[in-house]
Amino acid sequence: MTNRFVKAAVAAVFCAAAAASFADEIHVAVAANFTAPAKELVPVFEAKTGHKVILSFGSTGMFYGQIKNGATYDVLLAADAKTPKKAVTEGYGVASSVFTYAVGKLVFWSSDAGKIKDGAKLLETADFNKCAVAHPKLAPYGLAAYETLKHMKVFEKVQPKFVEGDNIGKTFQFVKTGNADVGFVALSQVYKNGKMTSGSGWVIPADYYGKIRQDAVLLKNGKSLKAAAEFLQFLKGGEAAKVKTAYGYGTN
């Protein structure tokens, strides 16, 4: 029995070593608005595959600048569709890998649970001190906020109250900390499973702004890594779709 146990233990060690030898470690640059879903999805992927995923969060523009300067990311989950396309055109991305992993949604939000009862009316009256908005040339959600205000014909009234962030992560922090009493943020930052996780908000109708299509791209650095391709495939699957839907993302 003892001899059989030893053999089984040795076999288990060899199997584990073999599995480890086929596992990869990949570095994924993630748009700030996708922080919560990514943190939820990665442990599931790692448990299924044995691969290791290291996540970095920030603005898509910042990441692309780093990639051009030699940063060794393997995958980019962008906040837009133009950056992955540019990555392919400029030789940093793999053309066949690009796909839309999520469609973002915009919300007018306050950390005060009683502040936004009628979002449209509040914007029309501009009855607030400061409104956080991401820079429209740097952040798709900022552009969507501008489009929303212009669609509602209240841009001139609200603009003097802008507090501007260079990405949606900073914009969210302005509102969360009270430096702005309201703001336009990504729905995924304040929503899960059909309700706001904190504060109060108005989900902006989708026809008020252009579609926020968020594309993924396999970068040249990760082209030879099995885990990078498997991670992108995982993002297309049913498990990932459930998580993305829970955070308020569309899928097409």
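Residues numbered from 1 in each chain as written. Predicted model: local features only at pLDDT ≥ 70, side-chain atom pairs only at ≥ 80, totals over all residues. Heavy atoms only, no water.

1. Looking at the overall build of the protein
When helices and strands are tallied, the protein shows ten helices and twelve strands. Expressed as lengths along the three principal axes of its C-alpha atoms, the size of the protein is roughly 80 × 45 × 30 Å. Sorting the 252 residues of the protein into buried and exposed places 47% on the buried side. For the protein, restricting intrachain contacts to residue pairs at least 6 apart in sequence, the fraction spanning at least 24 positions comes to 77%. When the accessible surface of the protein is totalled, it reaches about 12,400 Å², and 55% of it is carbon and sulfur. The distance from the centre of the 31 positive side-chain charges to the centre of the 20 negative ones in the protein is 4 Å. (Helix = DSSP H or I, 4+ residues; strand = E, 2+ residues; numbered from the N terminus. Buried < 20%, exposed > 50% of the residue type's maximum accessible area, 1.4 Å probe, protein only. Contact = heavy atoms within 4.5 Å. Areas by Shrake-Rupley, 256 points an atom, 1.4 Å probe, with all protein chains shown as cover. Lys, Arg positive; Asp, Glu negative; His and termini not counted. Charge placed at Lys NZ, Arg CZ, Asp CG, Glu CD.)

2. Considering the sheet that holds strand 5 (residues 106–110)
Spatial strand order, 7-6-8-5-11: five strands in an open sheet with mixed pairing. Edge positions in the open sheet fall to strand 7 (162–165) and strand 11 (200–203), since each of these has one partner strand only. Adjacent strand axes in the sheet meet at a mean angle of 30° when their direction is disregarded. Pairing of strand 5 with strand 11, which is carried by four bridges, proceeds in the antiparallel orientation. Bridging from a neighbouring strand, tryptophan 109 pairs with glycine 201 of strand 11. (Pairing = 2+ DSSP bridges. Axes fitted to C-alpha atoms, helices over the stretch in contact; angles between N-to-C directions.)

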